[in-house]
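Results of the structural survey
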Amino acid sequence: MAWRVCVTNWAKTEFIRSTNTVSRGSRLNPHSQQRCGFRREAKRSDTKKENVAQETKASPSEAGTPGPPPPRKAPRPTLFKPLMFTVGFTGCSFGAAAILQYETLKLRVQTTKDEEESENLIQGSKDMAYWHNWWSQLSGFQRQLILLMSMADDFWSSLTEGQRTVTGIIAVNAVVLCCWRIPSMQRSMIKYFTSNPASKTRCLPMILSSFSHYSIIHMVANMYVLWTFSSGIVSLLGKEQFLAVYLSAGVISTMVSYMCKTATGRLHPSLGASGAVMAVLAAVCAKVPEAKLGIIFLPMITFTAGSALKALVAIDTAGLILGWRLFDHAAHLGGALFGVWYVAYGHKLIWRKREPLVKMWHNMRSPGTGGPRPGGGPGVSGGDGGSGPH
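All values derive from a computational prediction rather than experimental measurement.

As for the layout of surface pockets
It is a probe the size of a water molecule, rolled over the atoms, that shows where empty space is left. Within this model, the largest pocket holds a volume of roughly 960 Å³. What lines the largest pocket is a set of 28 residues, among which Ala221, Tyr224, Val225, Leu281 and Leu312 lie closest to the centre. Mapped by element, the contributors of at least two residues to the lining of the largest pocket are helix 9 (216–237), helix 11 (274–287), strand 1 (292–295), helix 12 (305–322) and helix 13 (329–349). Here the lining of the largest pocket takes nine residues from helix 9, the largest share from any one element. Per-class residue counts for the lining of the largest pocket are 20 nonpolar, seven polar and one charged. Of the voids in this model, the second largest pocket is the one considered here, and its volume is about 570 Å³. As for the second largest pocket, its lining consists of 31 residues, of which His268, Ser270, Phe327, Asp328 and His329 are closest to the centre. Of all elements in the fold, only helix 10 (239–264), helix 11, helix 12 and helix 13 reach the threshold of two or more residues within the lining of the second largest pocket. The element best represented in the lining of the second largest pocket is helix 10, accounting for six residues. Of the residues contributing to the lining of the second largest pocket, the split by class is ten nonpolar, 17 polar and four charged.

Written out as structure tokens, the structure is:
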């Protein structure tokens, strides 16, 4: 019995030791199954990746279907329609200017006759006492309003004909500048008031962009130059001819910009009246190259108009060759070259040959009448709309 008890105790002791050993081993490596599981899964994933790679390598030859085609390059825009628009708009501008000059001279003659008749009528029926009584019957507000209108009329009369002409152009540019500040009009402004050869709408923006400025500084600079040279260009060409040259220069300078952008592949939008203003500046400088010019902030520095024109053309040529993108140098050059060409040759080729158009318009307005035609051919006062380049 004592022996059995000893064996039983020994067996229990060994069983407890073995149990403790197993529990310690499990405590030392509690995640052994998970690690093995991850290792097996990793090996399986590698095997699957190899199988997928083999299948993808073999799939093109087995399927026989080509992959997606490479993206096509955007074709260069065609400039046939803008070119036709430029030619047509330029011809219509000078035709409308010739008709406008005819109507202006006719209206001026009629107005002069009416003023003479009204003055004779007033002198015969009214005296100073009548006007004194009329003035005394007005209220204070009416008197102030009449005085204000009189001051505005005196200021308008003090301006030269050129300054009065460009006042309307400046007003249109100011309105367009305000439209750029309206959020709901941004899409329409970008579509119609910026010129871009890659746009779907290319013809109408050629003229509208010449009245469009997004920056106030840009507009002030262009309008200051236009105001400065307005008196000289209008006295040189006349009001109607100047408007035709200005509008045509805006379209022609944009066409030159289109051509350069299409040739170089730099299809970015442009806006501003710089091309038309450069035509005005170049026309005056080419006609009067010895005139003295200065800088507004540096009045002590003076230079001739011919030197200024050469410097501007050189800067724009360098900017066009070197790819400067601060300004549209192609439009500047196009406007400057058109201005120089017009005062040298264009006046003789275009404006002096307007006689058939004016004659046809005169016959349409006054059928069956003859005699001199306002704004007509040689021998008619004011026929060239100013002194004109000769």
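A word on the confidence of the model for the protein
Of the residues in the protein, 72% have a pLDDT of 70 or more, and the chain-wide mean is 78. Mean pLDDT values for the elements of the protein range from 42 in helix 2 (residues 32–63) up to 95 in helix 6 (residues 161–179). Considering only residues more than four positions removed or in separate chains, one finds that residues 1–8, a stretch of pLDDT under 50, has zero contacts.

Things to note about the packing of aromatic side chains
Inspection of the entire model under this criterion finds seven aromatic pairs. Their ring planes at 25° and their centres at 5.5 Å tell us that Phe94 and Tyr342 sit as a pair that is stacked. Here the residue Phe94 occupies a position in helix 3 (residues 80–125), and Tyr342 occupies one in helix 13, the gap between them amounting to 248 residues. Classification of Tyr342 by relative accessible area gives buried; the value is 1%. One aromatic cluster is present, formed by Phe94, Phe338, Trp341 and Tyr342 through successive ring pairs. Sitting over the ring of Tyr214, Arg181 keeps its end group 5.0 Å from the ring centre.

How each quantity is defined
Residues numbered from 1 in each chain as written. Predicted model: local features only at pLDDT ≥ 70, side-chain atom pairs only at ≥ 80, totals over all residues. Heavy atoms only, no water. 1 Å grid on protein atoms, 1.4 Å probe; cavity = no way out; pocket = protein on both sides within 12 Å on 5 of 7 lines; lining within 4 Å. Points joined across faces, edges and corners; volume = space filled by probe spheres on them. Helix = DSSP H or I, 4+ residues; strand = E, 2+ residues; numbered from the N terminus. Nonpolar A, V, L, I, M, F, W, Y, C, P; charged D, E, K, R; others polar. pLDDT = per-residue confidence, 0-100. Contact = heavy atoms within 4.5 Å. Phe/Tyr/Trp six-rings, centres within 6.5 Å; stacked < 30°, edge-to-face > 60°. Buried < 20%, exposed > 50% of the residue type's maximum accessible area, 1.4 Å probe, protein only. Lys NZ or Arg CZ within 6 Å of the ring centre and 35° of its normal.

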